[in-house]
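# Tertiary structure, described
Residues per chain are reported as follows:
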Amino acid sequence: MMPNISLFWYGLVIILAIIGFLFFAMGSKKESLVLLNREILAKEKVLFKSFGWIFLVITFFVCIYLWYFSYGMFLYFGVLILASLLVIVFIGFIAYKKEENFENKAYKEEKENLEDFKVWKIGVLVTLILLPLFVAYNLYTLPKHPLESENAIKDKIGEFEFVLSEHRTGKGFVTSQGMPMQTYHLRFCESCDLKIKYAYLRVNKPRNLSNLGIVFDAPYWDRTSTIQLNNLNDKSELYLTVVSNNGEIYQKSWNIKEVFPKTLEWLEKNKMENIK
Amino acid sequence: MIKMIKRFMFLGLFVLPNLALAHSPFFMCEYDDGKIFCEGGYSDGSRASGVKIKLLNNDGKVLEEKKLDELSSVSFTKPNEDFYILFDGGTGHSVEVEMGDISGI
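Attention in this report is confined to the structure presented alongside it. Given the structure is predicted, the values throughout are model-derived calculations rather than measurements.

Turning to the overall build of chain A, a few remarks are in order. Along chain A, the regular secondary structure elements total seven helices and nine strands. Across the 276 residues of chain A, 39% fall into the buried class. The long-range fraction of contacts in chain A, counting pairs at least 24 apart against all pairs at least 6 apart in sequence, stands at 63%.

So, on to the sheet that holds strand E3 (residues 52-57) of chain B. Residue and element names in this part refer to chain B. Judged by pairing direction, the sheet is antiparallel, and its four strands sit side by side in the order E4-E3-E6-E7 without closing on themselves. Each edge of the open sheet carries a strand with a single partner, namely strand E4 (62-67) and strand E7 (95-98). With strand direction ignored, the average angle separating the axes of adjacent strands in the sheet is 20°. Where E3 meets E4, five bridges bridge the pair, whose relative direction is antiparallel. In the strand pairing of E4, Ile53 is matched with Lys66.

Before going further, it helps to spend a moment on the interface of chain B and chain A. Every contact between the two is made by 22 residues of chain B and, on the other side, 19 residues of chain A. Both sides of the chain B and chain A interface together cover about 1,700 Å² of buried area, and 48% of this is carbon and sulfur. Per-residue buried area on chain B facing chain A is highest for Phe26, Gly92 and Glu96 of chain B; these three make up 28% of the total on that side. In this structure, the connection of chain B to chain A is made through two salt bridges. Here Arg202 of chain A and Glu96 of chain B are joined by a salt bridge, their closest N and O atoms 3.1 Å apart. Inspection of the chain B/chain A interface yields nine residue pairs in polar contact (both at pLDDT 80 or more). Residue assignment for the side of chain B that touches chain A shows that the elements contributing at least two residues are strand E1 (25-32), strand E2 (35-42), strand E6 (83-88) and E7 of chain B. Ranked by residue count, the leading element in the side of chain B that touches chain A is E1 of chain B, at four residues. A per-class count over the side of chain B that touches chain A returns nine nonpolar, nine polar and four charged.

What counts, and where the lines are drawn
- Residues numbered from 1 in each chain as written.
- Chains lettered and ligands numbered in written order.
- Predicted model: local features only at pLDDT ≥ 70, side-chain atom pairs only at ≥ 80, totals over all residues.
- Heavy atoms only, no water.
- Helix = DSSP H or I, 4+ residues; strand = E, 2+ residues; numbered from the N terminus.
- Buried < 20%, exposed > 50% of the residue type's maximum accessible area, 1.4 Å probe, protein only.
- Contact = heavy atoms within 4.5 Å.
- Pairing = 2+ DSSP bridges.
- Axes fitted to C-alpha atoms, helices over the stretch in contact; angles between N-to-C directions.
- Buried area = accessible area lost by both parts, 1.4 Å probe.
- Salt bridge = Lys/Arg side-chain N within 4 Å of Asp/Glu carboxyl O.
- Polar contact = N/O pair within 3.5 Å; in protein donor to acceptor, adjacent residues only side chain to side chain.
- Nonpolar A, V, L, I, M, F, W, Y, C, P; charged D, E, K, R; others polar.

Now the structure itself:
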């Protein structure tokens, strides 16, 4: 799940990246003429570029720290694109203003061509600015991770605290062969997780230890198991079996109608549609 | 050499991510005219041809053992005692169908 971070931090990483790119710009020959009104010295060039890298690296670490690696990486590149475009537009605007002050000799025909060019260029720039904003907005409004949903089961098995939830509350999927299935997510508390060897899920009590259900796989912070849901009824139980690293086996069950009532409703609806 | 690199890139980009996708087994049976017809498969729609299917009694004794055919299906003659059918995909990938869950019985 994408961390719910205040907009302030989004603004901060964008500002850090902008500062980084401005230092890069000041460290370049042409851009320094626009920004500083003079050519820079070789020492200044090294200094500005170093500052530029420092700010971009800080931006990177802030992104990774706040949004974790999985989201932070994407956000970082999005921020870089946005910041670089803003800096390019800013430098272009200053250069244009300066040219306007000192050069007013353009011919009418050239002016028209320039205006055409500007319209085209502005259109592209606006698109390029809006695109990362659109991506950032979509990332920000991503739906909650299933484990954060209100319907998730928060419980304890043995000494291990965990959260168990459906992938989509009350709505599974049907395979091409017509089998209704549901994916479940499981996350143990951080201190517990390394003590877990396996976790299994199935409907109704296992007959024996040789078939405890479908194993939870995927990364430890978001283990998933997909099980078939046909033949569910009001008495059906969802059985979680956990095997710890020291070989101890724990089991816990819930009545599906009580914990995930919408799933039964969805199954009934699915059956009725098949009958039609 | 370039061809080989392209092949590896193709593998890396398209084949390996698909292999990494998890797929879970399912198994269902129905009774008709003295026989039990079962079909197995995986959640991604793929078939489970070749997977062992065991017909067991309540004591865990294997009464009959077959494999899913090319169409991912198998059939058994209904035994005269209580039973259940096991889709034996290995530990953590097996599914049981109880006698009471078989439609038509």
